[in-house]
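These are the residues of each chain, in order.
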Amino acid sequence: MNQCIKNIFLITNSMMCFIAISLVGIGAYTIGMLEFGSNDLESLGIAVVFVGLAVMVIIIWGCVGTAKQENREGSCQGRPVLCFYLVCLLVVTGLQFYATIFLKNLSENLVIVEGELKSGKTNVSYIATEDYIAPKFNDYYFDTWENKQEEYPHFWGYIDDNCPDEMKSNKCNGDKYTRGCPNQDLCDDDSEAHCPYGMCRKKTVAFLNSWASPLGDYGIVITIFALVMSILSCLLICYNPHYSDSDASQIKHGHRSTRRLRVN
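Residues numbered from 1 in each chain as written. Predicted model: local features only at pLDDT ≥ 70, side-chain atom pairs only at ≥ 80, totals over all residues. Heavy atoms only, no water.

### Comments concerning the overall build of the chain
Applied cut-off: What counts as a helix is a DSSP run of H or I of at least four residues, what counts as a strand is a run of E of at least two, and both are numbered from the N terminus. It only takes one pair of heavy atoms within 4.5 Å for two residues to be counted as in contact.
Counting secondary structure elements, the chain contains 9 helices and 0 strands. Across the chain, the fraction of contacts at a sequence separation of at least 24, relative to all contacts at a separation of at least 6, is 62%.

If you want it as C-alpha cells, here you go:
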C-alpha cells in the first residue's frame, strides 16, 4: 500500500511541475507586455515567475522526501523533508485558495457590471478592480496617443480591436485628433463619457471577465489538487516501516539501531 501511495504521489507531484512551468510562462509573458501597465505588470510578472520557481523547489523537496521516506538517519531523513514539503504545500494552498476566492468574486461582479452596461443603464458604479484599472488605462491612453502608438502595439492593438471607432488609432493620433476622441480635460473633471476607459468600458469589462472566470475555475481545480497532495503527504509521513524478523531480533537485543532498517 505504501508503495502505491508513493507512486501516486510522485505522479501527481510531477503534474504539479507542469503547473509551475505554466506559472513561469505566464509571468514571463506578462513581463513581455511591459508596455501596458509598466511597473504594475512588471511587479505582477516577477511575482508570478517567483511563485512558479518556488513551486518547482517545493516539488523537488517532495520528490526527495518520497525517495528518502524510509531513511531514518543522516542529514536527509525522509520524514523531516516531507514535513517541510507539507508545510510549504499548505502555504501555497492557502494562497491559492485566497486567489481563487478573489477571482470568483471578481468574475461575479464583472458579470453584474457587464449585464447592467448591456441593458443600457447609465452611471453604473465602478467595482474596486475598475477603480484601480481605469485611471491607469486613461493615463496610458493620453500619454501614448500622440506619435507613440507604434511603440506600444499591444495596448493600441487592444484599442483598435475592442474599443469604439471614435477612439481608435486611425482617428486619434499625432496627425489628427477628431472631435469624438477622448478628452483629457473633461476626463480629469470626472466626465466618464470622455475618458478612454469609460468609452471602452463595456468591452474591457468583458475582456477582464474572460480572464477572471477561467482562472477562477482553474484555481478551484488546483486547490483541490493541492489538498489531495497534502493528504498523500500526511500518509507518507505517518508511515512506519515493518521490520523483518531478523531485524526485530537484533533490535531487541541491542545489536542494531532502529534507524538501520530492512523493510519487508
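This is not the end of the story, as more comes after the structure.
### A look at the packing of helix α3 (residues 78-118) against helix α8 (residues 201-238)
The line we're drawing: For helices, the axis comes from a line fit to the C-alpha atoms of the stretch in contact; other axes are also lines fit to C-alpha atoms, and the angle between any two N-to-C directions lies between 0 and 180 degrees. Relative orientations are named as follows: roughly parallel for angles under 35 degrees, roughly antiparallel for angles over 145 degrees, roughly perpendicular for angles from 65 to 115 degrees, and oblique for any other angle. Handedness of a crossing follows from how the near helix is turned relative to the far one, being left-handed for an anticlockwise turn of less than a right angle and right-handed for a clockwise one. The residue classification treats Ala, Val, Leu, Ile, Met, Phe, Trp, Tyr, Cys and Pro as nonpolar and Asp, Glu, Lys and Arg as charged. All others, Gly included, are polar.
The N-to-C vectors of α3 and α8 enclose an angle of 155°; their axes lie 6 Å apart at closest approach. As summarised for this structure, α3 and α8 are arranged roughly antiparallel, according to the angle between their axes. Here α3 runs over α8; the crossing is left-handed. Partitioning the contact of α3 with α8 into residue classes produces 27 nonpolar, 11 polar and 7 charged.

### Looking at the confidence of the model for the chain
Put simply, the test is: Every residue is assigned a pLDDT by the predictor, reflecting its confidence on a scale from 0 to 100.
Residues with a pLDDT of 70 or more make up 83% of the chain, whose mean pLDDT is 81. For the chain, helix α9 (residues 245-252) is the element with the lowest average pLDDT, namely 51, and helix α7 (residues 196-199) is the one with the highest, namely 94.

### Quick notes on unusual backbone geometry
Note the threshold: Burial here depends on accessible area, computed with a 1.4 Å probe over protein chains only, as a share of the maximum for the residue type. Under 20% is buried, over 50% is exposed, and the range in between is partly exposed.
Even without glycine at this site, Asn123 takes up a positive phi of about 55°. Mapping Asn123 onto the fold places it in the loop between α3 and α4 (128-144). In this structure Asn123 comes out as exposed when scored by relative accessible area, which is 73%. Here Asp190, not a glycine, exhibits a phi torsion of approximately 70°, which is positive. Looking at the secondary structure, you find Asp190 in the loop between α6 (184-188) and α7.

### Points about the side chain of Glu130
Here is the rule: N or O atoms closer than or at 3.5 Å make up a polar contact, with two conditions inside protein: a donor-capable atom paired with an acceptor-capable one, and, for residues adjacent in sequence, both atoms drawn from side chains.
The topology assignment puts Glu130 in helix α4. A distance of 2.7 Å separates polar atoms of two side chains, one belonging to Glu130 and the other to Tyr197. Apart from residues lying up to four places away in sequence, Glu130 is in contact with Val113, Ser125, Pro135, Tyr197, Arg201 and Val205.

### With respect to the environment of Cys88
Tracing the backbone shows Cys88 in helix α3. Each C-alpha atom, one on Cys88 and one on Ser230, is 10.0 Å from the other, the two residues being 142 residues apart in sequence.

### Quick look at the UniProt feature "transmembrane region" (unreviewed entry) in the chain
Formally: UniProt positions are given in the numbering used here, feature names are shortened, and annotations may be inferred rather than shown by experiment.
Cross-referencing UniProt, the feature "transmembrane region" (unreviewed entry) maps to residues 7-31, 43-61, 82-103 and 218-239 in the present numbering. Within the segment residues 82-103, helix and strand shares are 100% and 0% respectively, and the terminal C-alpha atoms sit 31 Å apart. Annotation note: span residues 218-239, helix share 95%, strand share 0%, distance between end C-alpha atoms 32 Å.

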